[in-house]
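Architecture and fold: a report
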Amino acid sequence: AQSVTQPDARVTVSEGASLQLRCKYSYFGTPYLFWYVQYPRQGLQLLLKYYPGDPVVQGVNGFEAEFSKSNSSFHLRKASVHWSDWAVYFCAVRTGFASALTFGSGTKVIPCLP
Amino acid sequence: EAAVTQSPRNKVAVTGGKVTLSCNQTNNHNNMYWYRQDTGHGLRLIHYSYGAGSTEKGDIPDGYKASRPSQENFSLILELATPSQTSVYFCASGGDWGRQNTLYFGAGTRLSVL
């Protein structure tokens, strides 16, 4: 069965530093992959999506993700974190059932205060 | 702008009581979904629907029923609420399988069962 693993429950990062969030998927066939962001007390908003093609996908607000079939990964990254990026990030893979998504457990990005 | 509206936003229920969570979408999407979000689990699929009159079981359907009386509306019903169903519930809508298909989420309903 398809599944998504986000191994880091929390990531601490300073404003202006680079960010990478890890995502590993399990899927038989060619996956359609997504990253969503959730701000406090809000629903999920789409950051970017991968369909078969270019392995590097650009999203909103300077985010990008790279698909790797050999590593079964879809890591998210950003070159320079802004305070508005403190949020929870979810990686997801599309299933065959009405195009529903299977989500990872999420990674919370929190500020590293001096 | 795609829109999914959930009501109520917050709900307190008693154990054994009946709870109905409502969702309305103005996207004219065929597919609709109910997820619950719990710490450490991400979002898990409860029920989904392919269109008016259709409801299907997701990954964790036990204790829940769903109703899709029209294209726009999709309800989640807890006939006998239990404290283990305390959670945040999200409704989403999405189009059919295709390159541009994306799920759009509501803001969530926070349910507490006492």
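Below: a short report on this structure. Since this is a predicted model, take the numbers as computed values, not measurements.

With respect to the sheet that holds strand β3 (residues 19-25) of chain B
Residues and elements named next belong to chain B. Ordered by their spatial adjacency, four strands build an open sheet running β1-β3-β8-β7, and the pairing between neighbours is antiparallel. Edge positions in the sheet fall to β1 (4-7) and β7 (65-67), since each has one partner strand and no second. Each adjacent strand pair in this sheet contributes to an overall mean axis angle of 20°, direction not counted. The pairing of β3 with strand β8 (residues 75-78) spans three bridges and is classified as antiparallel. Note on β8: the bridge partner recorded for Leu-21 is Leu-76.

Notes on the interface of chain A and chain B
Contact with chain A, which involves 24 residues of that partner, is made by 26 residues of chain B. Buried area between chain A and chain B, both sides added, is near 2,000 Å², and the carbon and sulfur share of it is 52%. Contact with chain B buries area across many residues of chain A, yet A:Arg41, A:Ala98 and A:Phe103 alone supply 24% of it, more than any other trio. The interface formed by chain A and chain B contains zero salt bridges. Between the two partners, chain A and chain B, sit four residue pairs in polar contact (both at pLDDT 80 or more). Listing elements by their share of the side of chain A that touches chain B, those giving two or more residues are β5 (33-38), β6 (44-50), β10 (88-94) and β11 (101-103) of chain A. Each residue belonging to the side of chain A that touches chain B can be placed in one class, and the counts come to 13 nonpolar, eight polar and three charged.

Quick notes on the rules
- What you see as residue numbers is a count from 1 along each chain, following the sequence as written.
- Chains and ligands are labelled sequentially in the order written, the chains with letters from A and the ligands with numbers from 1.
- Only residues with pLDDT of at least 70 get local features here, since the model is predicted, and only at 80 or more are side-chain atom pairs given and counted; chain-wide, interface and lining totals rely on the full set of residues.
- As a rule here, side-chain values cover all heavy atoms of the structure and leave hydrogens and water aside.
- Should DSSP find at least two bridges between two strands, the strands are regarded as paired.
- Secondary structure elements are defined from DSSP: runs of H or I of at least 4 residues count as helices, runs of E of at least 2 residues count as strands, and each element is numbered from the N terminus.
- Note on method: axes are straight lines fitted to C-alpha atoms, helices fitted across the in-contact stretch only, with angles between N-to-C directions ranging 0 to 180 degrees.
- In this description, contact between two residues means that some pair of their heavy atoms is separated by no more than 4.5 Å.
- Joining two parts hides part of their accessible area as seen by a 1.4 Å probe, and the buried area is that hidden amount summed over both.
- Salt bridge, as applied in this entry: a Lys or Arg side-chain nitrogen positioned within 4 Å of an Asp or Glu carboxyl oxygen.
- A 3.5 Å cut-off defines polar contacts: any pair of N or O atoms within that distance qualifies, except that in protein one atom must be a possible hydrogen donor and the other a possible acceptor, and neighbouring residues in sequence count only when both atoms are side-chain atoms.
- Residue classes follow a fixed rule: Ala, Val, Leu, Ile, Met, Phe, Trp, Tyr, Cys and Pro count as nonpolar, while Asp, Glu, Lys and Arg count as charged, and any other residue, Gly among them, counts as polar.

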